[in-house]
Amino acid sequence: EAEVAQSPRYKITEKSQAVAFWCDPISGHATLYWYRQILGQGPELLVQFQDESVVDDSQLPKDRFSAERLKGVDSTLKIQPAELGDSAMYLCASSLAPGMAEAFFGQGTRLTVV
Amino acid sequence: DQQVKQNSPSLSVQEGRISILNCDYTNSMFDYFLWYKKYPAEGPTFLISISSIKDKNEDGRFTVFLNKSAKHLSLHIVPSQPGDSAVYFCAAWASGSARQLTFGSGTQLTVLP
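Cut-offs used in this document
Residues numbered from 1 in each chain as written. Chains lettered and ligands numbered in written order. Predicted model: local features only at pLDDT ≥ 70, side-chain atom pairs only at ≥ 80, totals over all residues. Heavy atoms only, no water. Contact = heavy atoms within 4.5 Å. Buried area = accessible area lost by both parts, 1.4 Å probe. Polar contact = N/O pair within 3.5 Å; in protein donor to acceptor, adjacent residues only side chain to side chain. Helix = DSSP H or I, 4+ residues; strand = E, 2+ residues; numbered from the N terminus. Pairing = 2+ DSSP bridges. Salt bridge = Lys/Arg side-chain N within 4 Å of Asp/Glu carboxyl O. Buried < 20%, exposed > 50% of the residue type's maximum accessible area, 1.4 Å probe, protein only. Disulfide = S-S within 2.5 Å.

(A) Representation of the interface of chain A and chain B within the structure. At the interface, 24 residues of chain A touch 18 residues of chain B. For the chain A and chain B pair, buried surface summed over both sides reaches about 1600 Å², with 57% attributable to carbon and sulfur atoms. For the chain A face of the interface with chain B, the top three residues by lost area are A:Ala101, A:Glu102 and A:Phe105, together amounting to 30%. Counting every contact that joins chain A to chain B gives four residue pairs in polar contact (both at pLDDT 80 or more). With three residues, strand β4 (residues 31–37) of chain A is the single largest residue contributor to the side of chain A that touches chain B.

(B) Fine view of the pairing of strand β6 (residues 53–56) of chain A. All names here are of chain A. Sheet analysis places strand β5 (residues 44–50) next to β6, joined by three bridges and oriented antiparallel. Within the sheet, the bridge partner assigned to Phe49 lies in β6 and is Val54. In sequence, β5 turns back onto β6 through a hairpin of two residues, with Asp51 there showing a positive phi of about 55°.

(C) Layout of the pattern of salt bridges. All names here are of chain A. Within the structure shown, the criterion is met by four salt bridges over all chains. For Lys62, the salt bridge identified is with Asp57, shortest N-O distance 3.8 Å. Across the salt bridge formed by Asp86 and Arg64, the nearest N and O atoms sit 2.6 Å from each other. Residue Asp86 is located in the loop between β8 (75–79) and β9 (88–95), and its partner Arg64 is located in the loop between β6 and β7 (65–68); the two are separated by 22 residues in the primary sequence. Arg64 sits in the buried class, given a relative accessible area of 12%. A network of salt bridges, in which partner residues are shared, links Arg64, Glu83 and Asp86.

(D) Representation of the state of the cysteines. Considering all chains together, one arrives at two disulfides over all chains under this definition. There is a disulfide in this structure between A:Cys23 and A:Cys92, and the S-S distance comes to 1.9 Å. Because the sign of the S-S torsion sets the handedness, a value of about -70° for the bond joining A:Cys23 and A:Cys92 places this disulfide among the left-handed ones. One end of the pair, A:Cys23, is in strand β3 (residues 19–24); the other, A:Cys92, is in strand β9, with 69 residues separating them in the sequence. The residue that forms a disulfide with B:Cys23 is B:Cys90, at a sulfur-sulfur distance of 2.1 Å. Of note, the bridge from B:Cys23 to B:Cys90 carries an S-S torsion of about -75° and is left-handed in sense.

Encoded structure:
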């Protein structure tokens, strides 16, 4: 069964260090999302791609976060430098087209900043 | 400003009984609603959805009801099973310019054997 792949599953990093997460969406899915989920809250959108273009990054803290999807397939989310408040689950999701609400999520990367 | 609210952080029900999870929204532009289920250490998985042109959608043991005038939706699980124990997120979608899912904070459902 097709699924969204994310790596690593878990990451522990010291504050002020750089960290990167990788996501490979379901094959053929043009829309890719990065969400952040803090414990006890729902996922919050960080950035949305349509193919290789950023559609919405209004909630991405651009002073330290960056995201790219160079070939319109897999994507990388980077944090530099990491802060204690960045500790969260980072979820990647994809959908077939921008007009389709149903998004399929990966297993996420649990980030702990110490 | 939470546009999608799940006011019950947790719910416990007995196996075989009905589970009712509630969700309220404030944005009138939302026209499509989804429920996701999340187990620990996994990503959310899509469960069921409903368009704003309907007031009910059923899929097996899961039924979602939408009351547009009250801006309220609910997920009914009948009968509840221990494997249903998970966090349930309500999400809303506006098909206009802001095509993104807005999630509630989730409800932890525990089904007791």
